[in-house]
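As a plain string of letters, each chain reads:
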Amino acid sequence: EAQVTQNPRYLITVTGKKLTVTCSQNMNHEYMSWYRQDPGLGLRQIYYSMNVEVTDKGDVPEGYKVSRKEKRNFPLILESPSPNQTSLYFCASSLEVTGTQYFGPGTRLTVL
Amino acid sequence: GENVEQHPSTLSVQEGDSAVIKCTYSDSASNYFPWYKQELGKRPQLIIDIRSNVGEKKDQRIAVTLNKTAKHFSLHITETQPEDSAVYFCASPDAGGTSYGKLTFGQGTILTVHP
């Protein structure tokens, strides 16, 4: 089954404790991206990747890192999480940026 | 980079009425305009998209129109049903330059269809 998976689905952590949210797709998509969703602000792009080893900043990259060592995986790293990073995070993939974005199920992160 | 504005932020209609949501964009070279629907507690899913070489696209009760001169595109839902209640997002990718690949979403419209 074609899908985008994210883990964990829910996470409560404390300020400053490094964490990684994994994202994996099995559709051989070249384009992958991360979004955060906050009430009233819609979906804001954090980072995107056009292909392996190619990553770029979206609109809200501060406090986040990503890597794209393999085509299928695009982890999101928060090296020192802060409470303002409490949000719902979505990973998405597509064949290209001008194509259907397939979203993962979301990760609800709370930083205390 | 691309700037996308979406209106209204909330829309309430009676079942059977039509609903229209509008988005404006800033990059005149933009060429792809999708609409996503997000039901409560679910992930966003594409419902319809349009490319810049056409002015309108329909799929049953939903349609998207594009006005490239005015730089806006709209989602039209006819004969609304309660299951159309959701948050709707428009989006537009940066057309080129150093930010090619960046995808900007609108702020979302909460559509409520009352039975």
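See above for the structure.
Rules used in this analysis
Note on numbering: residues in each chain are counted from 1, in written sequence order. A letter from A marks each chain and a number from 1 marks each ligand, given out in the order of writing. At least 70 in pLDDT is required for a residue's local features to be given in this predicted model, at least 80 for side-chain atom pairs to be given and counted, and no such filter applies to totals for whole chains, interfaces and linings, which use all residues. As a rule here, side-chain values come from all non-hydrogen atoms in the structure, and water together with hydrogens is ignored. Throughout, a residue-residue contact means that at least one pair of heavy atoms, one from each residue, lies within 4.5 Å. Here's the idea: put two parts together, see how much 1.4 Å probe accessible area each one loses, and the total over both is what we call buried area. By definition here, a salt bridge exists when the distance from a side-chain nitrogen of Lys or Arg to a carboxyl oxygen of Asp or Glu is within 4 Å. The term polar contact refers here to a pair of N or O atoms within 3.5 Å; inside protein, the definition further demands a hydrogen-donor-capable atom paired with an acceptor-capable atom, and it admits residues adjacent in sequence only when both atoms are side-chain atoms. By the criteria applied, helices consist of DSSP H or I runs no shorter than four residues and strands consist of E runs no shorter than two, each listed in order from the N terminus. Three classes are used, and their members are as follows: Ala, Val, Leu, Ile, Met, Phe, Trp, Tyr, Cys and Pro are nonpolar, Asp, Glu, Lys and Arg are charged, and the others, Gly among them, are polar. Pairs of cysteine sulfur atoms within 2.5 Å are identified as disulfides in what follows. Only protein chains enter the accessibility calculation, which uses a 1.4 Å probe; a residue whose area is less than 20% of its type maximum is buried, one above 50% is exposed, and one in between is partly exposed. Each aromatic pair joins two rings of Phe, Tyr and Trp (for Trp, the six-membered one) with centres within 6.5 Å, and gets the label stacked for planes under 30 degrees apart, edge-to-face for over 60, and tilted for any other angle.

**Description of the interface of chain A and chain B**
At the junction of the two partners, chain A supplies 24 residues and chain B supplies 21 residues. Between chain A and chain B, the buried area comes to about 1800 Å², and carbon and sulfur atoms account for 56% of it. In terms of surface lost to chain B, no three residues of chain A exceed Leu43(A), Thr98(A) and Phe103(A), which account for 30% of the buried area on that side. Across the chain A-chain B interface, the total number found is one salt bridge. On inspection of chain A and its partner chain B, the count reaches eight residue pairs in polar contact (both at pLDDT 80 or more). Per element, the largest residue contribution to the side of chain A that touches chain B is five residues, and it comes from strand E5 (residues 42-51) of chain A. Per-class residue counts for the side of chain A that touches chain B are eleven nonpolar, ten polar and three charged.

**What to know about the state of the cysteines**
All names here are of chain A. Under the counting rule described, the total for this entry stands at two disulfides over all chains. Through a disulfide, cysteine 23 is tied to cysteine 91; the S-S separation comes to 1.8 Å. Residues cysteine 23 and cysteine 91 share a disulfide whose torsion about the S-S bond is about -70 degrees; that sign makes it left-handed. Of the two residues, cysteine 23 sits in strand E3 (residues 19-25) while cysteine 91 sits in strand E9 (residues 87-94), which places them 68 residues apart along the sequence. Classification of cysteine 23 by relative accessible area gives buried; the value is 2%. Judged by relative accessible area, cysteine 91 falls into the buried class, the value being 0%.

**Brief notes about the packing of aromatic side chains**
All names here are of chain B. Counted by the stated rule, this structure contains 13 aromatic pairs over all chains. The interplanar angle of 50 degrees and the centroid separation of 6.1 Å between the aromatic rings of tyrosine 25 and phenylalanine 73 together place this pair among those described as tilted. Of this pair, tyrosine 25 sits in strand E3 (residues 19-25) while phenylalanine 73 is found in strand E8 (residues 72-77), placing the two residues 48 residues apart along the sequence. As far as burial versus exposure is concerned, tyrosine 25 and phenylalanine 73 are alike and both buried. Seen in terms of ring centroids, tyrosine 36 and phenylalanine 105 are 5.7 Å apart; in terms of plane orientation they differ by 55 degrees. Their pairing is tilted. Taken together, the residues span a long stretch of sequence, with tyrosine 36 in strand E4 (residues 32-38) and phenylalanine 105 in strand E10 (residues 103-105) at a distance of 69 residues.

**A look at the pattern of salt bridges**
With the rule as written, the count across this model stands at nine salt bridges over all chains. Its salt-bridge partner being Asp59(A), residue Lys102(B) comes within 2.7 Å of it at the nearest N-O pair. Taken together, the positions of Lys102(B) in the loop between strand E9 (86-93) and E10 and Asp59(A) in the loop between strand E6 (54-57) and strand E7 (65-66) put the pair across two chains. Residue Asp59(A) is classed as partly exposed on the basis of its relative accessible area of 37%. Across the salt bridge formed by Glu39(B) and Lys37(B), the nearest N and O atoms sit 3.5 Å from each other. Residue classification places Glu39(B) among the partly exposed positions, given a relative accessible area of 34%. One salt-bridge network, in which partners are shared between bridges, spans Lys18(A), Lys65(A) and Glu79(A).

By themselves, these figures tell us nothing about what the structure is for.
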